[in-house]
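Fold and contact review
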Amino acid sequence: MAVVKKQIRNSRYYVGGVTNLTRNGFGVYVYPNSFFRYEGEWSKGEKHGHGKLLMKDGSYYEGEFAHGEIEGNGSRFWAKTGVSYSGQFSGGELHGCGVMQKGNGERYKGEFSYGLRDGNGFLLDKDGQTYEGSFHQNKRHGEGQMHYRNGDQYEGGWLLDQQQGHGVMRFGDGSVYEGQWRNNLFNGQGTMIHCSGIIYEGLWTNGRPLGGASKVVIEGGDVLEVFQETPFCVEVQLQTEAGEKATGENGRVLQISTAIRLCDLSPSTPASLLKMMEDIKETPIPTPFGFQVVSYPLMERAFGSQVFIDTAAPLAVAAVAAKSGSAQADSPLLPEGEWESGSGSDGPPLVGGTPSYLDGKEVRGEQNQSGEGESTTITEFFSGLFAGQEEDSTPPPANQRVEEGQVKFKNLLLAPPPHDFIPYQLMDELKRNIKKPSNRAPTDRPVLSQDKNSERRSSTGSCFTSNTKKSSIDSRSVRPGEYVIMVKDVTNPPFQGQTLSPAFALLRLFPAKTKSKNSQTDKTKSK
């Protein structure tokens, strides 16, 4: 039997164990190019077992070798990029389970396939965001959960690093979207529950609701006609770009308010009037009607108690008219010839009663047998109603949330103006200082058809006219005339980062209808 002798070979490139003239056992080998150096176990002239392969730039591999190849468990470090890996290898490639750490803070723990992330894994990226789920060819692919740095969380389908298929996104602000995705955007059927309270359910395209609201529309046209003592309602729709009602949207918050037109002043206007205009602290609001307005108080008729229902602001306004003698004589804002507001009206909308959008019951002050209005009690009540309150303390109507694309503001009334209301004072001063001839006959009345809105606006003139006769209660009464209704989107935060443009409508306020003596007698008998 031949005896195998172990020898130690010392040459330019190799120092270590040799068996039958082949490297065997532990040895150190320096490659001819001098870039690589191997220290470890050999078998039959091949790197086999545990060893360490070092590179001249500082990179290295340390771990298992099999038949000259990196195979099994080991650790790899790339000096140029600072990347390190610890895990399984096959054929010199990262293959199997392992942990990769990059110099920028990125860390991946999971499955690899020939050098790429493939299979299930957990990724912490350089921005601190995490993903746990399926990978394919180094990309998020399949089902997975993503936690973003801003607090958003996504769980659902991925396709080559993009959100695709069904998924749920929980945003950091509390909003939630569940539905279909494509190219990282909401696409297809989905439901968004926004942190503002808006809920939209329907189709989405490129991240936007296909049937979402794009505008606010006041129903009934852009001119509304109401009577002075009668509560009214305003119905509002949210419409899509195609003009259809946005039935898939709920919860958007709308605010209703009123405004009064600012008089147009010419350069020849007296300096006192120009100074009065400057005293208006509020920034004028432009309207689509070609003039600017400033806010006027609006309120809801309260139904908390029967006493308030029968004697509150509507009754106080009626008492003001009664005290002034007659609506035709002293109501300040409508031109002469427009005071009739019941039967006998020439305008079609006023024939046969109140307009269709008026609601609530009419509340009127009674007159004593002498014909004088019992306004003293009402005046005292009205003064007490506002006693100790600030000028602008009249509570406005509550904001309303949209349901199935529509909302209805009910029981609205124009509130008494603040003390020393400058727009009213300005109108009075203009009446005193600027005399304008009138070509309209006393019995002329503009046609109040919503199909002729432009003619109505042009006939109104540049400013409301005003009667110069005043009393202490007149300064706090609601003057008949033309106002502006505004409905604004006040959703906070805005849905999808966009606030809808406000809607406007002209509001024609006519003096309260008067009842005949016969109707009063019949009403008394019926009781």
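Preceding block: the structure.
Scope of this entry: the structure provided in the associated data block. (Residues numbered from 1 in each chain as written. Predicted model: local features only at pLDDT ≥ 70, side-chain atom pairs only at ≥ 80, totals over all residues. Heavy atoms only, no water.)

1. Here we look at the packing of aromatic side chains
- Enumeration over the complete set of coordinates arrives at 27 aromatic pairs.
- Between Tyr29 and Trp42, the aromatic rings sit 5.9 Å apart at their centres with planes inclined by 80 degrees, giving edge-to-face as the arrangement. On the criterion of sequence distance, the pair formed by Tyr29 in strand β3 (residues 22-30) and Trp42 in strand β4 (residues 36-43) is long-range, its members being 13 residues apart. Each member of the pair, Tyr29 together with Trp42, is buried.
- Seen from their ring centres, Tyr200 and Trp204 are 5.2 Å apart, and the 85 degrees between their planes marks the pair as edge-to-face. Of the two residues, Tyr200 and Trp204, both sit in the buried class.
- Its guanidinium or amino end placed over the ring of Tyr60, Lys52 lies 5.0 Å from that ring's centre, counting from NZ or CZ.
- The ring of Tyr108 has Arg117 lying over it, and the distance from NZ or CZ to the ring centre is 5.5 Å. (Phe/Tyr/Trp six-rings, centres within 6.5 Å; stacked < 30°, edge-to-face > 60°. Helix = DSSP H or I, 4+ residues; strand = E, 2+ residues; numbered from the N terminus. Buried < 20%, exposed > 50% of the residue type's maximum accessible area, 1.4 Å probe, protein only. Lys NZ or Arg CZ within 6 Å of the ring centre and 35° of its normal.)

2. Details of the pairing of strand β18 (residues 199-205)
- The pairing of strand β17 (residues 185-193) with β18 spans six bridges and is classified as antiparallel. Residue pairing in the sheet places Gln189 in a bridge with Leu203 of β18.
- The hairpin formed by β17 and β18 contains five residues between the paired strands, and Gly197 there has a positive phi angle of roughly 110 degrees.
- Taken together, the two bridges between β18 and strand β23 (residues 249-250) define a ladder with antiparallel strand orientation. Residue pairing in the sheet places Ile199 in a bridge with Asn250 of β23.
- With two bridges joining them, β18 and strand β19 (residues 208-209) adopt antiparallel strand pairing. Across the sheet, the residue bridging to Thr205 is Arg208, located in β19. (Pairing = 2+ DSSP bridges.)

3. Some words on the sheet that holds strand β20 (residues 215-218)
- Spatially, the four strands line up as an open sheet ordered β20-β22-β29-β27, and their pairing is antiparallel. Where the open sheet ends on each side, the last strands, each with one partner, are β20 and β27 (298-300). Adjacent strand axes in the sheet meet at a mean angle of 45 degrees, parallel and antiparallel pairs treated alike.
- Pairing of β27 with strand β29 (residues 406-414) involves three bridges; the strand directions are antiparallel. Of the residues in β29, the one forming a bridge with Glu300 is Leu412. (Axes fitted to C-alpha atoms, helices over the stretch in contact; angles between N-to-C directions.)

Just geometry here; none of it tells us what the structure is for.
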